[in-house]
Amino acid sequence: MKLPESFYVADDVVAIARALLGKVLVTAFNGELTSAMIVETEAYAGVTDRASHAFGGRDTPRTRVMYRQGGIAYVYLCYGIHHLFNVVTNIEGFPYAVLVRGVEPLDGIDVMLHRRNKEKLTNTLTAGPGALSEALGIKTMHTGISLQSEQLYIEDRGFKIAKADIVASTRVGVAYAREDALRPYRFCVRDNPYVSKGKGL
DNA sequence: CAAACGATTTTCT
DNA sequence: GAAAATCGTTTGG
């Protein structure tokens, strides 16, 4: 059920971003199982993509995990508050990653509500990269851990997303990336309420 | 060693 | 719909 390492090591990050729609992200920290179906992703295409942290081959303590072999988590802090969860892809030396921007809650909803200080389930629980990371308990300390571990992994539960229901658009919050901001690297499930509002489709 | 900047969310008007 | 909050990472001196 768990996606095999070969899924992540493939070299087409855009294809992986698409394929992740409908897959299930699972975390099991401190014995608290939570899971959610991925409904929105963005591809970050390595050294040639101005929107990527690894653009131009930038190699810093933060971005280093992106250069490792695919199949691990890249988590980093944005705006000093939000933990953003990415999946590292491709083989060692190629810093490609997929940002997960929206998920639909499946298991452990009570745990997620508690982590987010919420009373009832609404789409704001897990719509948006910072929100879903908090709901699933993912923090920067989890950066670099394997997606084959028992604490954090992605599995296929057989949910199928019809090709016609996958919408491609431009990425959110990357206006500074100039011409690369126009790349159609954002993928969401049509009409799913857990897709972040970032901007219109 | 100091300064600027976000792959965002929340809250208030 | 707009603006503030907030701090680790990166970059320049």
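Let us look at the structure shown here. Everything numeric here is computed off the predicted structure, so don't read it as measured data.

**With respect to the overall build of chain A**
The secondary structure content of chain A amounts to four helices and eight strands. Taken from the N to the C terminus, the helices and strands of chain A come in the order α-α-β-β-β-β-β-α-α-β-β-β. At 15 Å, chain A has a C-alpha radius of gyration in line with the 17 Å of a compact globule built from 201 residues. When each of the 201 residues of chain A is scored for burial, the buried share is 53%. Intrachain contacts of chain A at a sequence separation of at least 6 include 60% that bridge at least 24 residues. Carbon and sulfur atoms make up 55% of the accessible area of chain A, which amounts to about 9,300 Å² in all. Across chain A, the centroid of the 24 positively charged side chains sits 5 Å from that of the 21 negatively charged ones.

**What to know about the pattern of salt bridges**
Within this structure, the stated rule accounts for 13 salt bridges. Put simply, glutamate 179 and arginine 50 hold a salt bridge, and the shortest N to O gap is 3.8 Å. Taken together, the residues span a long stretch of sequence, with glutamate 179 in the loop between β7 (166–169) and β8 (186–189) and arginine 50 in the loop between β2 (32–45) and β3 (73–78) at a distance of 129 residues. Taking relative accessible area as the criterion, arginine 50 reaches 26% and is therefore assigned partly exposed. Two residues, aspartate 107 and arginine 157, come together in a salt bridge whose shortest N-O distance is 3.1 Å.

**Examining the protein's contact with DNA strand C**
Neighbouring residues of DNA strand C: Arg58, Thr60, Pro61, Arg62, Thr63, Leu77, Tyr79, Gly80 and Ile81. Counting only the atoms of DNA strand C that lie within 4 Å of the protein, the sugar and phosphate share comes to 87%. In the model, a base oxygen of DNA strand C is placed 2.9 Å from a nitrogen or oxygen of the tyrosine 79 main chain. The residue makeup of the surface near DNA strand C, split by class, is four nonpolar, three polar and two charged.

**Quick look at the packing of aromatic side chains**
The tally for this structure, following the rule as stated, stands at two aromatic pairs. Their ring planes at 85° and their centres at 5.4 Å tell us that phenylalanine 7 and tyrosine 8 sit as a pair that is edge-to-face. Comparing phenylalanine 7 with tyrosine 8, the two get one shared label, buried. Over the face of the ring belonging to tyrosine 153 we find lysine 2, whose NZ or CZ atom lies 4.4 Å from the ring centre. The ring of tyrosine 44 is capped by arginine 171, whose NZ or CZ atom sits 4.8 Å from the centre of that ring.

**Here we look at the protein's contact with DNA strand B**
Near DNA strand B there are 20 residues, and of these His82, Asn86, Gly130, Gly173 and Tyr176 occur at the shortest range. Between DNA strand B and histidine 53, the relevant distance is 3.0 Å, taken from a base nitrogen to a side-chain nitrogen or oxygen of the residue. Listed by contribution, the elements that provide at least two residues to the surface near DNA strand B are β4 (82–89), β5 (96–107) and α4 (129–136). Its residues placed into classes, the surface near DNA strand B shows eleven nonpolar, seven polar and two charged.

**With respect to the environment of arginine 115**
Tracing the backbone shows arginine 115 in helix α3 (residues 109–115). Sequence separation between arginine 115 and leucine 21 is 94 residues, and the spatial gap between their C-alpha atoms is 24 Å. When neighbours within four sequence positions are excluded, arginine 115 is seen to be in contact with Thr27, Glu32, Thr34, Glu134, Ala135, Leu136 and Gly137. There is a polar contact of 2.9 Å between the side chain of arginine 115 and the backbone oxygen of alanine 135.

**Things to note about the pairing of β4**
In terms of residue burial, β4 counts as a mostly covered element, since six of its eight residues are buried. The antiparallel pairing of β3 with β4 creates a hairpin that spans three residues between the two strands, and tyrosine 79 there sits at a positive phi of about 55°. Note that β4 and β5 share four bridges and pair antiparallel. What sits directly across from threonine 89, in β5, is tyrosine 96.

Rules of the game
Residues numbered from 1 in each chain as written. Chains lettered and ligands numbered in written order. Predicted model: local features only at pLDDT ≥ 70, side-chain atom pairs only at ≥ 80, totals over all residues. Heavy atoms only, no water. Helix = DSSP H or I, 4+ residues; strand = E, 2+ residues; numbered from the N terminus. Rg over C-alpha atoms; globule rule 2.2 N^0.38 Å. Buried < 20%, exposed > 50% of the residue type's maximum accessible area, 1.4 Å probe, protein only. Contact = heavy atoms within 4.5 Å. Areas by Shrake-Rupley, 256 points an atom, 1.4 Å probe, with all protein chains shown as cover. Lys, Arg positive; Asp, Glu negative; His and termini not counted. Charge placed at Lys NZ, Arg CZ, Asp CG, Glu CD. Salt bridge = Lys/Arg side-chain N within 4 Å of Asp/Glu carboxyl O. Near = heavy atom within 4 Å. Polar contact = N/O pair within 3.5 Å; in protein donor to acceptor, adjacent residues only side chain to side chain. Nonpolar A, V, L, I, M, F, W, Y, C, P; charged D, E, K, R; others polar. Phe/Tyr/Trp six-rings, centres within 6.5 Å; stacked < 30°, edge-to-face > 60°. Lys NZ or Arg CZ within 6 Å of the ring centre and 35° of its normal. Pairing = 2+ DSSP bridges.

Honestly, it's all geometry; don't read function into it.
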